Every structure is written in C-alpha cells, then in structure tokens.
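So the chains spell out like this:
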Protein chains: 2
Amino acid sequence: MYKISKQREWIYTYMLEHPGQHFSAEDIFAGLNEMGKTVSLATVYRNLKILQNEHRIGSLMLTSGKQVFDQTCRPHDHLICTHCHRVYDVDMTYDRSLERKAENQLQLPIESHSLILYGICADCLKER
Amino acid sequence: MYKISKQREWIYTYMLEHPGQHFSAEDIFAGLNEMGKTVSLATVYRNLKILQNEHRIGSLMLTSGKQVFDQTCRPHDHLICTHCHRVYDVDMTYDRSLERKAENQLQLPIESHSLILYGICADCLKER
DNA sequence: CCTTATCTAAGAACTATTCTTAGTTTAACC
DNA sequence: GGTTAAACTAAGAATAGTTCTTAGATAAGG
C-alpha cells in the first residue's frame, strides 16, 4: 500500500528526535527546512495523515482549531498550560476505568475518549 | 460594554429554542435566514464570540477542527456518536472529582478540563 | 433629543488544510 | 537487473472556516 519515502521518514524521525513535544504541520515544515531537508508543506500534511493511518503517530485538536501531532498514538491524556500554552502528555492512572464508568452511567457502548486538563505546568509554576 | 442588538438576541433565542443541539455558526446562519431573520455570517460569528465572553453560551472544538456552540457554559462533558456524529451533552457524576485527582497525581494546579466520550448514541443503538 | 460607542451588512482577507497536475521514485515482478 | 505500475513529490491553486475592514445604522446615557 504505502511505499517508503524519504520525506515521510524525515518527518517521523524529526518527531522522534524531539520527545515530549507536540508539533503543528508548520513546525515540522520549518524544522526540516532549517536542517536543509527541503520538503513542501503539502507533503508534510499528507504524510502526517499517512503516519496517522499507519498508527505511527497521534494527533490532537486544540481549542483554537489548530491541529498538533504527537509522537505516539497510544491512548493518553494531555495537559495544556494556561500560561505558556505548551501541550504535555500525561498518563492519568485513574483514567483507565473512565470508559467503563461512562458506559455504566450512560448505558451506551463507549469506544474511546479524549481528556484535556488545563492548568499551570511545572516550568511556569517555578517562574512565579 | 455590550449593547443589546436584535441580531444577537435572535442568535441566542435560536439556540435556546433547540435544546440539546450543538450548532456551527453556519447552522445558526442558515436557521435564522430560513425563518426570514436575515443576518450575515460574519455577524453570527462575532455575536457567538460575544455571547461566549458574556458566559451565556459555551463552545466545543471537534476533532475535525470545526467549532460548535452549546446552549450553556456550565461545565459538562460531551458524547460524540461515532455513527451519526451528533454531539450530546452528558453529565458524568464521577467527573466532578476529576480535577482534584489530576492535581494529586500531577502535583500541579488544574483549573478546568475537557472530556469527550466517543461511542454509539441511544438513537443509533436502536436502529441496529 | 444628541452624542457617541457599539452595532450591522457586505465583501475582502486571512489561515489552515487539501487538491491538482505533471513529473519522479519506489518496489514488485519477470 | 530492467520494466512497469503504483505511490510518491513540489508547486501552486483551491477550499473551508473564520476574522477583518469599511461605511453607514442603532442603542443608551446625559
């Protein structure tokens, strides 16, 4: 189905080399181009979509309507700092039972969920 | 600060008259115009933003990047049907302690959160 | 009333994302 | 290892959703 392409591997490698970060397509486009790896923005978008289809990466829609991409598609939650607006991955242990609890309460089959916490991140907290 | 405007009250009333629904700006624009209440799309967008600032309505960003508006800004959760894609308001009782649990686990101040459940709604379940 | 800030419509502009096209690269198969 | 076909790329046009600009209309306070 999909063939290996130089550009797609650049994109994926770029993401893995920046652990913990969340990237817009534009971020990756700029980052690769700065490294001399010229790639067009449409190619970045197309390949991010392919990487998602292949379950190699995940994505998150911010309240601003901008999409950011995540190095993993393993289910996890997010913390968004209300001060610096950075996005962090978090693993809320209690969260694992959330879907079963929702099923019991709503009496409907629940397949997945998305949880975003808004608060102050450790870095911003230190700066006060 | 804000003056009362005919158009803004049309928009707000339109939303209240369709309880349980979630509207895009385009939905409201089309709905009002069908009723003979002509209003421009930019006015709908501007007033939805004002209604949000006034805390009269809420909003939700879908994974598609489209924004929908909610009759209430009272904190609550959402269920999105993976079959018909309708958006429902849900009130998960367990959810009230979620922010305190997150604070304990992350050791950071949490101000709010957004929880979206994905599953099959009652209507779609019936149709099988 | 009169003033003035806020409001509207209409359409231009903007931003993020996707599509189109023509030519290139990858890999499957002989 | 060469051929072929499918998947790929860059570049820019196109689309969709939302916001801005402008000139004129409308509320609300004095």
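Just so it is clear, the model here is predicted, and its values are computed rather than measured.

The rules behind these values
Residues numbered from 1 in each chain as written. Chains lettered and ligands numbered in written order. Predicted model: local features only at pLDDT ≥ 70, side-chain atom pairs only at ≥ 80, totals over all residues. Heavy atoms only, no water. Least-squares fit on C-alpha atoms with pLDDT ≥ 70 in both. Contact = heavy atoms within 4.5 Å. Salt bridge = Lys/Arg side-chain N within 4 Å of Asp/Glu carboxyl O. Helix = DSSP H or I, 4+ residues; strand = E, 2+ residues; numbered from the N terminus. Buried < 20%, exposed > 50% of the residue type's maximum accessible area, 1.4 Å probe, protein only. UniProt positions renumbered as here; feature names shortened; annotations may be inferred. Polar contact = N/O pair within 3.5 Å; in protein donor to acceptor, adjacent residues only side chain to side chain. Near = heavy atom within 4 Å. Buried area = accessible area lost by both parts, 1.4 Å probe. Nonpolar A, V, L, I, M, F, W, Y, C, P; charged D, E, K, R; others polar. Domains from an automatic or database assignment.

1. As for the relation of the copies chain B and chain A
With an RMSD of 0.0 Å, the fit of chain B onto chain A corresponds to turning through 180° and sliding 0.0 Å along the axis. Between the two chains, the operation in question is that of a two-fold axis. A shared interface surface links the copies, since 100% of the contact residues of chain B are contact residues in chain A too.

2. Description of the pattern of salt bridges
Residue and element names in this part refer to chain A. Taken as a whole and assessed by the stated rule, the structure comprises 8 salt bridges over all chains. Between Arg-56 and Glu-9 there is a salt bridge; the shortest N-O distance is 3.0 Å. Linking Arg-56 in the loop between α3 (41-53) and β1 (58-61) with Glu-9 in helix α1 (residues 6-16), this pair joins segments that are 47 residues apart in sequence. Note on Arg-56: relative accessible area 22%, which makes it partly exposed. One connected set of salt bridges, linked through shared partners, spans Glu-9, Glu-54 and Arg-56.

3. Details of the UniProt feature "binding site: Fe cation" (unreviewed entry) in chain A
All names here are of chain A. Feature annotation in UniProt assigns "binding site: Fe cation" (unreviewed entry) to the following positions: Asp-77 and His-113. In sequence the annotated residues extend across 37 residues, while in space they remain close, none of their C-alpha pairs exceeding 9.3 Å. The residue Asp-77 is located in strand β3 (residues 77-81) in this model. The residue His-113 is located in strand β5 (residues 110-119) in this model. Within the structure, His-113 has its side chain in polar contact with the side chain of Glu-99 (distance 2.6 Å).

4. Focus on the protein's contact with DNA strand D
In the neighbourhood of DNA strand D, 21 residues make up the surrounding shell, with A:Lys3, A:Thr43, A:Arg46, B:Tyr45 and B:Lys49 lying closest. What you see for DNA strand D is that sugar and phosphate hold 72% of its atoms within 4 Å of the protein. Within the side chain of A:Arg8, one N or O atom sits 2.8 Å away from a phosphate oxygen of DNA strand D. The contact in question runs from a phosphate oxygen of DNA strand D to an N or O atom on the side chain of A:Asn47, over 3.2 Å. For the surface near DNA strand D, the secondary structure elements donating two or more residues are α1 and α3 of chain A together with α3 (41-53) of chain B.

5. Side note on the environment of A:Leu62
Positionally, A:Leu62 belongs in the loop between β1 and β2 (67-70). With 18 residues separating them in the primary sequence, A:Leu62 and A:Ile80 have C-alpha atoms 9.2 Å apart. A:Leu62 has contacts with A:Val68, A:Ile80, A:Val87 and B:Met61, leaving out every residue within four places of it along the chain.

6. Observations concerning the interface of chain B and chain A
In this assembly, 33 residues from chain B lie in contact with 33 residues from chain A. Each partner contributes to the roughly 2700 Å² buried at the junction of chain B and chain A, and carbon and sulfur atoms together form 66% of this total. When the buried area of chain B at its contact with chain A is split by residue, B:Met61, B:Gln105 and B:Tyr118 rank highest and sum to 18% of it. Taken together, the links from chain B to chain A amount to 0 salt bridges. Viewed at the interface, chain A and chain B are joined by 12 residue pairs in polar contact (both at pLDDT 80 or more). Of all the secondary-structure elements, those providing two or more residues to the side of chain B that touches chain A are α4 (98-106), β5 (110-119) and α5 (122-126) of chain B.

7. Focus: the protein's contact with DNA strand C
Taken together, 21 residues lie near DNA strand C, and A:Lys3, A:Tyr45, B:Lys3, B:Thr43 and B:Arg46 sit nearest. At the protein interface, 71% of the atoms of DNA strand C within 4 Å belong to sugar or phosphate. In the model, a phosphate oxygen of DNA strand C is placed 2.3 Å from a nitrogen or oxygen of the A:Tyr45 side chain. Looking at the surface near DNA strand C, the elements that each hand over two or more residues are α3 of chain A together with α1 (6-16) and α3 of chain B. A class-by-class count of the residues in the surface near DNA strand C yields 8 nonpolar, 7 polar and 6 charged.

8. Observations concerning the domain arrangement of chain A
All names here are of chain A. Looking at the assigned domains, one finds that chain A contains domain 1 (6-70) and domain 2 (77-127). On the side of domain 2, 7 residues touch domain 1, which itself brings 6 residues to the contact. Area buried by domain 1 at its contact with domain 2 is led by His-22, Leu-60 and Asp-70, which between them contribute 65% of it. Counting across the interface, domain 1 meets domain 2 through 0 salt bridges. Taken together, domain 1 and domain 2 are joined by 3 residue pairs in polar contact (both at pLDDT 80 or more). Residues that form the side of domain 1 that touches domain 2 fall into these classes: 2 nonpolar, 3 polar and 1 charged.

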